[in-house]
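One-letter residues, chain by chain:
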Amino acid sequence: MTEETRFVYDATKAVDPLGDLEEEAEKQTKHNRAKVGSARPSSLLYTYGPGSIMDLPQFTVMSTGLDDWDRIWRRRDSLPPTIHAPRLRDVVRMMLRSPDVQLRPHPWQPKKNSRSADGNDLGVPARVFPQWLRCTGCDMLGMLSQFDYKNTHPFRTDLATFEHAKCTGRSGNRTRKPMRRPAVPARYLLACVDGHLDEFPYELWVHHGQPCSKAEVPPLKMVDRTAGKGASAVIECAACDMRRPMNEAQSEGGKDKLPLCRGRHPHLDAFEPRGCPNQTKLMLVGASNLWFPATQSIVVMPESQQEKASDLADRIRTTLGDKLHKYRQHLDMIRDLLDGRVDVTGMSDHELEAVVEAACAPQATPEEQEEQIRDWDPVDLLVPEWRYLLLDILGARDEDAKSGLTLATRQRGEHLQPEITRVLAVEKLRKVNALVGFTRIDDMDRVGDLPRRLAPLTRTPRPTWTVATEDRGEGIFLQLDEDSVAAWEKHILGTDLWQAHQQAHHRNFERRFSETAGRVDPNSRLKPPRYWLVHTFAHVLIRELALTCGYSAASLSERLYAWPAAEGREPAAGLLICTTASDSDGTLGGLVQLSEPTRLQRVVASALRKARRCSSDPICSMRTPRTPEDFLHGAACHCCAMASETSCERANRFLDRRFLIDLPGSNLGYFSTHE
């Protein structure tokens, strides 16, 4: 999406669930406002964000774009809360091409008790989607307006449903007394590679693109027939008796029978003004590739003086707006305008003048923004974290109240592997995750021209905020010896195993990188050997830690610091295993306790020992991709090294136990000499 894009939008269809609240109060009318569903903040970010489809017990809904969320926030007299994470905020601004983006939590407020009305005016707005429903009693296929909505119990969200009020059953016996039957979503949709999504045109489909010859608004049915392999739906027109099966659209040749994309963004209730030339693809409502979030995250670290000054300048700029340039020469007026909004009381006039000048600096031009996006590397978000974790801690603990980070030094156990040179107990940490958009059909890391493929979150080309979550938890940080890692990596680069992994990655890239991507050098997406090493080590540690820390393996996640030296960037080889929660004040400390010397060396030794054996050996231990195979792992499977999707940042790619320890027929293990 270019920065000039404007969406065609009908403001009369804006989603505002409580928009008629005042009007109904004046008329003294009662309205049932029982909620129809709920989700945790992490689910609303990674699974059910704007543009995704959420399954409720009886129907499906789609979270709307952030423009509609603004109506929720405006019910409050106070400004919406923001999440302070300047380093992440700057990256989000760059990716969204908007200089004023703030990070906000979901519109939610905890209740004091079950009967409390706190937060009833808040919530994530959503619309029913898809809006074609099928009656479960008579197979009638119709739009949402042809069904009645029922939700009478304020504490039973599962009872909210749409019903066909006059269903006569599948026999079509009109003398039969009509009954109320529940309706379910019609399960077919059309999607395109640019993130558009649309209803399936059932009426045009059954009539082969022509209007019905018998009725202006023909009655349709969706009949499921089970024959041979699986079930297949057939669309029938009760007026002209035309029938057409849906499996015609599902076949390989069915792509040409589907209409071109209309450029619809249902979460924005808008269409691309210039249309969309893409061919559509048939999708099911519950398809796993219907919505992929594009997120960025950081572990919040204490800010440097330069970062603090930059953040202060940004807050002054966004707070004063146009008044900044008008009064930039009048510091007393600036202080008065900032009073109670931005704290500058402890600054001298000289310091304030420097910050004001920085706030008045010109914004990047569109050309400069595009260049920043092209040159930006996701590793840049990790570098400040790595540098801070390497700093010496004065005393036994270092606690920073503003960032929420608390580190404690840990002595190395006498029998801990010497390749592990530094251990930190991360007693408290704060992790912030922000949503910058989403893709359809293909995941974010398989889209080469990512900025163009990202579907927008708002109708406006320059959003002023995006949704973010704030997680708190604990973890363990381990650093590997850089000299030994560099020597090991140099050796690995010349081995046949690494060449096999390179060739498999190239084949995988060519076959599966996606039709949505442009030409990208496959080698630029292949992680270096040290990443495979650190990644595999993190996975076996997660498995072992989960046995004794009190948290499940799925609740532990990895944050990997593994890259070779580059211009302006020192090499890194380390990992952070952490557990966080977005809806509580933190975690219980069971993971941190395992960082104590005797416990940690026992955990590491046990993890490496168990990595030597897999119930799938010798097949697993000898797995090497050969032509035409294109998998992105070696000696690793779900029995020994793979982890759940909530734990792994690379979807179980780039794993090989042979890089970690010696296996039969292999002498490449980094820890092989000190097991």
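As a starting point, this report considers the structure included with it.

## Some details on the packing of helix H9 (residues 331–338) against helix H10 (residues 349–359)
Here comes step 1: Closest axis-to-axis distance for the H9/H10 pair is 11 Å, and the angle between their directions is 75 degrees. As the angle between them shows, H9 and H10 are arranged roughly perpendicular. Residues Leu331, Ile334 and Arg335 of H9 touch H10, and the partners they reach there are Asp349, Leu352, Glu353 and Val356.
Here comes step 2: Its residues assigned to classes, the contact of H9 with H10 comprises four nonpolar, no polar and three charged.

## Some points on the packing of aromatic side chains
Here comes step 1: Counted under the stated rule, the structure contains 23 aromatic pairs.
Here comes step 2: For the ring pair Phe477 and Tyr561, a centre distance of 6.3 Å and an interplane angle of 70 degrees mean the geometry is edge-to-face. In this pair, Phe477 sits in strand S23 (residues 465–480) while Tyr561 sits in strand S24 (residues 557–563), placing the two residues 84 residues apart along the sequence.
Here comes step 3: For Phe477, a relative accessible area of 0% puts it in the buried group.
Here comes step 4: An angle of 80 degrees between the planes, with centres 6.1 Å apart, marks the rings of Trp488 and Tyr670 as edge-to-face. Taken together, the residues Trp488 in helix H14 (residues 482–492) and Tyr670 in the segment after helix H18 (597–611) connect sequence positions 182 residues apart. For the pair formed by Trp488 and Tyr670, the shared burial category is buried.
Here comes step 5: Ring-pair connections join several aromatic residues into one group, and the members of that group are Trp488, Trp498, Tyr531, Trp532, Phe537, Phe654, Phe659, Tyr670 and Phe671.
Here comes step 6: Its guanidinium or amino end placed over the ring of Trp205, Arg244 lies 3.7 Å from that ring's centre, counting from NZ or CZ.

## Quick look at H10
Here comes step 1: Where H10 is concerned, the buried positions are Leu352, Val355, Val356 and Ala359. Down the axis of H10, the buried set is contained in an arc of 100 degrees. They therefore lie on one face.
Here comes step 2: Contacts made by the buried residues of H10 are with helix H7 (305–320), helix H8 (323–326) and H9.

## Some points on the pairing of strand S22 (residues 420–439)
Here comes step 1: Of all 20 residues in S22, 17 are buried; the element is thus mostly enclosed.
Here comes step 2: As paired elements, strand S19 (residues 292–299) and S22 share eight bridges and run antiparallel to each other. Bridge pairing links Ile298 to Val432 in S22.
Here comes step 3: Alignment of strand S21 (residues 405–409) against S22, held across four bridges, turns out to be antiparallel. Opposite Thr406, over in S22, you have Lys428 as the bridge partner.
Here comes step 4: Pairing of S22 with S23 involves twelve bridges; the strand directions are antiparallel. Directly across from Ile420, in S23, lies its bridge partner Leu480.

## Observations regarding a negative patch on the surface
Here comes step 1: Taken together, Glu367, Glu368, Glu371 and Asp375 make up a surface patch of like negative charges.
Here comes step 2: Locating Glu367 in the fold gives a position in helix H11 (residues 366–375).

## What to know about the nonpolar core
Here comes step 1: With 48 residues, the main nonpolar core has Leu480 and Phe537 as its most contacted residues.
Here comes step 2: Going through the elements one at a time, S22, S23, H14, helix H15 (496–512), helix H16 (529–545), S24, strand S25 (572–581) and H18 are the ones with two or more residues in this core.
Here comes step 3: Here Leu480 is in contact with Glu419, Ile420, Thr421, Val485, Leu533, Val534, Phe537, Ala573, Gly574, Tyr670 and Phe671, once residues within four sequence places are set aside.
Here comes step 4: Ranked by size, the runner-up nonpolar core spans 22 residues in total, among them Leu88, Ala294, Ile373 and Trp376.

About the cut-offs
- Residues numbered from 1 in each chain as written.
- Predicted model: local features only at pLDDT ≥ 70, side-chain atom pairs only at ≥ 80, totals over all residues.
- Heavy atoms only, no water.
- Axes fitted to C-alpha atoms, helices over the stretch in contact; angles between N-to-C directions.
- Helix = DSSP H or I, 4+ residues; strand = E, 2+ residues; numbered from the N terminus.
- Parallel < 35°, antiparallel > 145°, perpendicular 65-115°, else oblique.
- Contact = heavy atoms within 4.5 Å.
- Nonpolar A, V, L, I, M, F, W, Y, C, P; charged D, E, K, R; others polar.
- Phe/Tyr/Trp six-rings, centres within 6.5 Å; stacked < 30°, edge-to-face > 60°.
- Buried < 20%, exposed > 50% of the residue type's maximum accessible area, 1.4 Å probe, protein only.
- Lys NZ or Arg CZ within 6 Å of the ring centre and 35° of its normal.
- Arc of directions from axis to C-beta.
- Pairing = 2+ DSSP bridges.
- Patch = residues over 30% accessible without salt bridge, like charges linked within 9 Å, V, L, I, M, F, W, Y side chains within 5 Å.
- Areas by Shrake-Rupley, 256 points an atom, 1.4 Å probe, with all protein chains shown as cover.
- Salt bridge = Lys/Arg side-chain N within 4 Å of Asp/Glu carboxyl O.
- Lys, Arg positive; Asp, Glu negative; His and termini not counted.
- Charge placed at Lys NZ, Arg CZ, Asp CG, Glu CD.
- Core = buried A, V, L, I, M, F, W, Y, C linked by side-chain atoms within 4.5 Å.

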